[in-house]
Amino acid sequence: MSNVTKAAIVTGASRGIGRAIAERLAREGFAVLVNYAGNAASAQETVAAIVQAGGTAVAQQGDVGKAEDVAHLFAAAKEAFGRLDVVVHNAGVMALSPIAKGDLELFDRAIATNLRSTYLIFGQAANALGEGGRIIALSSSVLGVNFPSYGPYIASKAGVEGLVRVLANELRGRQITVNAVAPGPVGTELFFDGKTPEQIERIAKLAPLERLGTPEEIAAVVAFLAGPDGGWVNAQVLRANGGYA
Ligand SMILES: NC(=O)c1ccc[n+]([C@@H]2O[C@H](COP(=O)([O-])OP(=O)(O)OC[C@H]3O[C@@H](n4cnc5c(N)ncnc54)[C@H](OP(=O)(O)O)[C@@H]3O)[C@@H](O)[C@H]2O)c1
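As a convention, each chain's residues are numbered from 1 in the sequence order in which they are written. pLDDT decides what is reported in this predicted model: residues at 70 or higher carry local features, side-chain atom pairs at 80 or more are listed and counted, and totals for whole chains, interfaces and linings draw on all residues regardless. No hydrogens and no water enter the side-chain calculation; it runs on all heavy atoms of the structure.

K.L.:
What exactly am I supposed to notice about the side chain of Asp85 here?
P.N.:
What counts as a helix is a DSSP run of H or I of at least four residues, what counts as a strand is a run of E of at least two, and both are numbered from the N terminus. Mapped onto the fold, Asp85 is located in the loop between helix H3 (67–81) and strand E4 (86–89). A polar atom in the side chain of Asp85 sits 2.8 Å from the side chain of Arg83. For this analysis, residues touch if any pair of their heavy atoms sits within 4.5 Å. Leave out the neighbours within four places in its chain, and Asp85 touches Thr5, Lys6, Ala7, Phe30, Leu129, Gly132, Gly133 and Arg134. We call two N or O atoms a polar contact when they sit within 3.5 Å, provided that within protein one can donate a hydrogen and the other can accept it, with sequence-adjacent residues counted only if both atoms are side-chain atoms.

See below:
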């Protein structure tokens, strides 16, 4: 694919917000590596949608919590596109349990998938990107409301925001930005799973805009950070949440 002028990796792009980010970046002219964990058919749907719209994309399986899989993702992007300009670490899991219950298995899963993965991906991105590179991670606006039972999830995303600020400092002088986008509640499987219609209605009404966000609205913020207009935004957490927190 020698005609690729800019290329991006989007983790967790088979569904939800990641899929919207992959499609949006493809419309902005990026060739996109569509990462997924287990849903190969959904990842292929993302790729097909991008290709149908005239873009370039390939799917790549990989567990973002595993070092060898993350290394493979970056190698696959370089091999497919010959370059890498933007890395969006979107893959994540929701993990809810009261702290007093002490569910270590759940805690460790949230930390591995949401935070360990960020450490691994940031490391690879720091080595792979050149001048003008952009690194964007997904945090969450739930850090501003601290609902009971969100401990494992919030702990993992607080770590993500910490790593954003440290990596921005470590990349001093290289003209690479590192930011996070922290969505409020967005209508995806991650949000809907395990919630009653009443809970969904109540949470949707918390923001002054009184509705859930859409994956496309989050993708627009990521595209801003990944594009020329976002060039002076660095080491920030952009809270796109309808005013919820
Ligand atoms: N939805 C919200 O309300 C909301 C709010 C704030 C922040 N966020 C954050 O936004 C991001 C995307 O959330 P979403 O709502 O779009 O979630 P989603 O609909 O559940 O999609 C999750 C995506 O992550 C992938 N994934 C999960 N575990 C993975 C792993 N170990 N390795 C690689 N990929 C993995 C899934 O791949 P498979 O399809 O293969 O399973 C899927 O593509 C997450 O970081 C989440 O924490 C979401």
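K.L.:
Please clarify how the packing of helix H1 (residues 16–27) against helix H8 (residues 215–226) should be interpreted in this entry.
P.N.:
Packed helix pairs are characterised by how far apart their axes lie and by the angle those axes make with each other. Whenever a helix is involved, its axis is fitted only over the stretch in contact; in every case the axis is a line through C-alpha atoms, and angles between N-to-C directions fall within 0 to 180 degrees. The geometry of H1 relative to H8 is characterised by a closest axis approach of 8 Å and an angle of 50 degrees between their N-to-C directions. The pairing of H1 with H8 is recorded here as oblique in orientation. Seen along the crossing, H1 lies across H8 with a hand that is right-handed. Across the interface between the two elements, Gly16, Ile17, Ala20, Ile21, Arg24 and Leu25 of H1 pack against Pro215, Glu216, Ile218, Ala219, Ala220, Val222, Ala223 and Ala226 of H8. Each residue is assigned to one class: nonpolar for Ala, Val, Leu, Ile, Met, Phe, Trp, Tyr, Cys and Pro, charged for Asp, Glu, Lys and Arg, and polar for all the others, Gly among them. Of the residues in the contact of H1 with H8, the class split is eleven nonpolar, one polar and two charged. Small angles under 35 degrees read as roughly parallel and large ones over 145 as roughly antiparallel, with 65 to 115 read as roughly perpendicular and the rest as oblique. By definition, any crossing whose near helix is turned counterclockwise from its far helix by less than a right angle is left-handed, and any crossing with a clockwise turn is right-handed.

K.L.:
Where do I start with the sheet that holds strand E3 (residues 57–61) in this structure?
P.N.:
The strands making up a sheet are joined through hydrogen bonds of the backbone, oriented either antiparallel or parallel. The seven strands are arranged E3-E2-E1-E4-E5-E6-E7 in an open sheet whose pairing can be described as parallel. Either end of the sheet is taken by a strand with one partner, and the two such strands are E3 and strand E7 (237–240). Averaged over all pairs of adjacent strands, the angle between their axes in this sheet comes to 20 degrees, without regard to strand direction. Judged from the four bridges that link them, E4 and strand E5 (residues 134–138) form a sheet pairing that is parallel. When the bridges of E5 are listed, His89 appears paired with Ala137. A pair of strands is labelled paired if DSSP reports no fewer than 2 bridges between them.

Take it as geometry only, folks, not as evidence of what the structure does.
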